[in-house]
Amino acid sequence: MSTEKITITVDGKKITVPSGVTILQAAESAGITIPTICFHEQLTPPGLCRQCVVEVEGARRLQPSCISSVREGMVVKTDSEKVRRVRRTNLEMLSAVTDLSESPEIVRQMKQLDADEERFAASPRGSLKDDNPFYIRDYTKCILCMRCVQVCSSDIQFSYALAAGGRGFDSRIATFYNKDLPDTTCVFCGNCIQVCPTGALKAKTEGNSTGVQHDEA
Amino acid sequence: MMKHEKTVRTTCPFCGVGCQLDLSIDQGRIVSVSAPENAAPNFGRLCAKGRFGTDYVHHPSRIRTPLIRKNLDSGKRTPVGMEGFREASWDEALDLAAERLSLAVKTQGADSIGTFCSAKATNEDTYIFQKFVRGILKTNNIDHCARLCHAASVAGLQKAIGSSAMSNAIAEMKNLDVFIVTGSNTTETHPVISTFLKEAVVKNGAKLIVIDPRKIELSGFAALHLQHRPGTDVAVYQAMANVVVTEELENRSFIDRRTENFEMYRKSLEGFTPELAESITGVKAVLIREAARMYAEAERAAVYWGMGISQSVHGTDNTLSIANLALLCGHLGKPGTGLNPLRGQNNVQGCSDSGGLPGIFPGYQSVADAEIQKKFEEKWNVTGLSKTAGLTVLEMSDAAGKGDIDTYLIMGENPMMSEPDLNTARKHFEQLKTIIIVDIFLNESGAYGDIILPAVPFAEKDGTFTNSDRRVQLIRKAVPSPGEAQTDWRIIQDLALRVEKKLGLPPSGGFAFQSASEVWDEMSGLVPAFGGISHQRIDREGGVHWPCPDPAHPGTPYLFADSFPRGRGLFTVLDCRLESERTSSAYPYLLSTGRVLYHWHGGTMTRRSVLDKIYPESVVEMNPLDAEAEGYEEGQRVSVSSRRGTIISRIKITERSPMGVVFMPIHFAESPVNELTKDLRDPEAKIPDFKQSAVRIAAAG
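Only a predicted model underlies this, so the values are computations on that prediction, with no experimental measurement involved.

Moving on, we get to the overall build of chain A. Per the secondary structure count, chain A includes 5 helices and 10 strands. Taken over the C-alpha atoms alone, chain A extends approximately 65 × 40 × 35 Å along its principal axes. Within chain A, the proportion of its 217 residues that are buried is 42%. Sequence-distant contacts, at least 24 apart, represent 55% of the contacts inside chain A between residues at least 6 apart.

Here you go:
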């Protein structure tokens, strides 16, 4: 990051930040919170969920603030009606196909934007995978934020057991050849559970799932 | 995300990385574990053991009350299960233990008692334990599993630079340009550290040199892999040093300013060419040259090592050969450099720091030093502390075999799994008159015990662990203990009071602690390097790296910036000794032993965890070509025999093992690999040659 400072306008407020930071970081430094879902401090932002989009004056489309760098003189609106509509639609589509019962942050954002979870009639996709002693992968709760894949690959663990599979609506988190986790390079570090925002990945000892029982001594 | 009653920040009970954990607690049980993302040393990362393996805490076989052997003193000592014991009150069990210990002191002298403290217990547990052993029993026969682990790293580093701890912090791994990993299967033994090492390679472009006989996972990230024959480490490092000197790549100004004995050392390298080393190690000379240049020419370079270096009959020489190379290239005393033995247990650094060794009081202060002795006698309000260094782990076993020691006090150790040549070790164990055990489970050693005192694991007590990079961190009581189980240091404190009384000693008043924090404060008052560390400060800051002499001192993440504890770094002239057991036509394979990702040492904890489901039994890792030649199939049952014993296991075919070398894990009581190992000891460190035994393998029914 360079030491050069530039000035931009966010929601009518002039702020000076180091050049090279993202719009998300710049806004945060001025106390302006932009909602995010897939973004995670420790991971390379994938710019996938589009919940952090903002309006940039002169830009043809909304910009994902987590991966867009600031430019001198940039004028940004983080909470315009256009932005809010896109975020709301995003959430309504997510809720149509996902069980968000263990995603408190997403539920909060839906309330805030007055999103209608019935707007799109669809059925949940994905299924529950229980293939190892340690944790379940409940893909009915998965929003494809890719945090788990990033953790498993070159952001944290370098095990490369989880990967994206399928295309379009059939996109999913998969393993190579859809093998069960014990037959992959997975080392059960559970660092994917740590970053999962929706409870799709969960230790078996949590809640009412298949709970691990000790073998009797 | 689930809601829980409470979350408790604590330190992982497994390896020496010292990961910070957040335990989620419901109804007195740990229901899940996560890692704080803003806290050193792990910054949100965990491995399978820390994330899923703490469930051993709730295992139904936890010992809930004190136990006394039913057939006490009735002839030959045999191992028994819970049915061989009767429940007793704390009063009865502690009185009996105190009676036995004081009788031993009175009739045979204090040195007839051998004691084992624990690298799994807290610094506070260790401090009270050694205070009891030294101050009340008056023997220095106290040691722990560091003897079987990094003793040779300690001996070598003490000689070369005067300090044996890891010289640099885990957080500095991002500064690496070049690093050597040797004798460490880091992805399995220190998994979280391995993620930082991989990150240095993949993200920062650091160059990794793996020097290891096995094709470990990290070799897939390495620029160079020197796959030397087991036991030929010194030859590799000597030849690398020869290349550095021959090509004039040494750091002259560092050598002049910071070292001594360079000329002698330089001369000793003459003739130790990579070609000579190739004939000894099997590593191509060109690879040795390339590795030497890569390490020497780096701006910042570090070495990380594990048991492959230290668990050797010439482990001290192995360590010295690495230290020589680091001194030669000046890769010490700044971030991203250093000599870094990766400590195995959660508190093996701390147990040594807190005086769990035969020759030192807490803080590595010699028991033979009259002034130091006086300081401790005054503070402890006792007289007549022993000035003679006590016996090491294996020397105590020898003494038991000869009848010189007939009473053992063991806290959180499992010698009947961890000692080499178990067949002989067992015979020595059987001859003891009294065995007193302080532990959380009845393990393979407890089965031989007379009096079992139920202690508590990390999640049920307060205290501190000191991790591999000398960071003192807190553990916090998170769940209640089952039955009448009691904190280790409180058990020992109570025992000390009873022994003091039975021996007719004047009350010292030194066993009246009310909290772990008070125990720490007494120790930090006696150890200058801990002077600035208190539980309250760690609570505020998350952890403090010793040395930290006063409360205003920030702690010391990396050592030796200006000087070494011994003054100048010492070059040591080495012979290339090759004394390990050799293969023969009757025993054609070399057996190496070690840990696997999902288990922990003697298995007392992880065999009672969900971890056992993913890795439930022992294997023999064998090269595909060897397996083909022998006609073995994956999973086939085989017997593995050395000159000392035979165990049963299953073949696992893998290219990790080089031809002629097989590997077996140390964790399985059903296939106790130390039945096979040889009790051949490094003359200085007294560590056995665990990594090299000649074995034969045969199909088993």
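Across its full length, chain B carries 23 helices and 28 strands. A globule of 701 residues ought to have a C-alpha radius of gyration of about 27 Å, and chain B, at 24 Å, matches this closely. With the C-alpha coordinates of chain B rotated into their principal frame, the extents come out at 70 × 65 × 60 Å. Counting every position in chain B, which comprises 701 residues, the buried fraction comes to 61%. Relative to all contacts within chain B whose residues are 6 or more apart in sequence, the contacts with residues 24 or more apart total 75%.

Our focus in this paragraph is the sheet that holds strand β10 (residues 224–226) of chain B. Residues and elements named next belong to chain B. The strand order across the open sheet formed by 5 strands is β10-β9-β8-β12-β13, and the pairing between neighbours is parallel. At either margin of the open sheet sits one strand with a lone partner, and together these are β10 and β13 (338–341). Put simply, the sheet's adjacent strands are angled 15 degrees from each other on average, direction ignored. Here strand β9 (residues 207–211) pairs with β10 via 3 bridges, running parallel. Within β10, the residue paired with Ile211 across the bridge is Leu226. Lying over the sheet, helix α13 (residues 315–329) contacts β12 (301–305) and β13, oriented at roughly 170 degrees with respect to β12.

This brings us to the packing of helix α2 (residues 90–108) of chain B against helix α19 (residues 488–502) of chain B. Helix packing for two helices is described by the angle between their axes and how far apart those axes are. All names here are of chain B. Between α2 and α19, whose axes approach to 9 Å, the crossing angle comes to 50 degrees. Judged by the inter-axis angle, α2 sits oblique to α19. Relative to α19, α2 is oriented so that their crossing is right-handed. Contacts from Leu94, Asp95, Ala97, Ala98, Glu99, Leu101 and Ser102 of α2 reach α19 at Asp494, Leu495, Arg498, Val499 and Lys502.

This part is about the environment of Ser312(B). Residues and elements named next belong to chain B. Note that Ser312 resides in the loop between α12 (307–310) and α13. A sequence separation of 377 residues divides Ser312 from Asp689, and the C-alpha atoms of the two residues are 4.2 Å apart. Residues within four places of Ser312 in sequence aside, it is in contact with Ala152, Gly231, Asn318, Asp682, Asp689 and Lys691.

Further remarks concern the domain arrangement of chain B. Residue and element names in this part refer to chain B. Segmentation of chain B into domains returns domain 1 (6–58), domain 2 (81–148 + 353–456 + 481–528), domain 3 (151–342) and domain 4 (589–699). Computed from C-alpha atoms alone, the centre-to-centre distance between domain 1 and domain 3 is 32 Å. At the interface, 10 residues of domain 1 touch 9 residues of domain 3.

With 26 residues of chain A at the interface, the matching set in chain B holds 26 residues. For the side of chain A that touches chain B, the class distribution of residues is 12 nonpolar, 10 polar and 4 charged.

Turning our attention to the sheet that holds strand β16 (residues 407–411) of chain B. Hydrogen bonds between backbone groups are what pair the strands of a sheet, and the pairing can be parallel or antiparallel. Residues and elements named next belong to chain B. The strand order across the open sheet formed by 7 strands is β5-β4-β18-β17-β16-β6-β7, and the pairing between neighbours is mixed. At either end of the open sheet lies a strand with only one pairing partner, and these are β5 (85–87) and β7 (142–143). Pairing geometry for β16 and strand β17 (residues 434–439), over 5 bridges, is parallel. When the bridges of β17 are listed, Met411 appears paired with Val438. Against the sheet, helix α16 (residues 393–402) contacts β6 (113–116) and β7, and its axis sits at roughly 145 degrees relative to β6.

Further remarks concern the nonpolar core. In terms of nonpolar packing, the biggest core is built from 248 residues, with Cys148(A), Phe179(B), Val236(B), Met240(B), Ile288(B) and Tyr295(B) touching the most fellow members. Examining the composition of this core, we find that 10 residues originate from one element, helix α7 (residues 233–246) of chain B, more than from any other. Contact partners of Phe179(B), with chain neighbours within four places excluded, come to Ala206(B), Leu208(B), Ala301(B), Ala302(B), Val303(B) and Tyr304(B). By size, the runner-up hydrophobic cluster in this structure holds 23 residues, among which are Leu590(B), Met622(B), Val640(B) and Ile647(B).

Right, let's get into unusual backbone geometry. Cis geometry marks the peptide bond from Ala40(B) to Pro41(B); its omega dihedral reads 0 degrees. Residue Pro547(B) follows Trp546(B) across a cis peptide bond; omega there is 0 degrees. Residue position: Pro547(B) is located in the loop between β21 (544–545) and β22 (569–570). Here Asp114(A), not a glycine, exhibits a phi torsion of approximately 55 degrees, which is positive. Along the chain, Asp114(A) turns up in the loop between α3 (104–113) and β6 (128–129). At Asn178(A), a position not held by glycine, the phi torsion is positive, near 55 degrees. Its location among the elements puts Asn178(A) in the loop between β9 (172–175) and α5 (191–195). C-beta crowding within 10 Å serves as the criterion here: with 10 such atoms nearby, Asn178(A) is assigned to the exposed category.

Rules behind the numbers
- Residues numbered from 1 in each chain as written.
- Chains lettered and ligands numbered in written order.
- Predicted model: local features only at pLDDT ≥ 70, side-chain atom pairs only at ≥ 80, totals over all residues.
- Helix = DSSP H or I, 4+ residues; strand = E, 2+ residues; numbered from the N terminus.
- Buried ≥ 20, exposed ≤ 12 C-beta atoms within 10 Å, placed from the backbone.
- Contact = placed C-beta atoms within 7 Å.
- Rg over C-alpha atoms; globule rule 2.2 N^0.38 Å.
- Pairing = 2+ DSSP bridges.
- Axes fitted to C-alpha atoms, helices over the stretch in contact; angles between N-to-C directions.
- Parallel < 35°, antiparallel > 145°, perpendicular 65-115°, else oblique.
- Left-handed = near helix turned anticlockwise from the far one by under 90°.
- Domains from an automatic or database assignment.
- Nonpolar A, V, L, I, M, F, W, Y, C, P; charged D, E, K, R; others polar.
- Core = buried A, V, L, I, M, F, W, Y, C linked by C-beta atoms within 7 Å.

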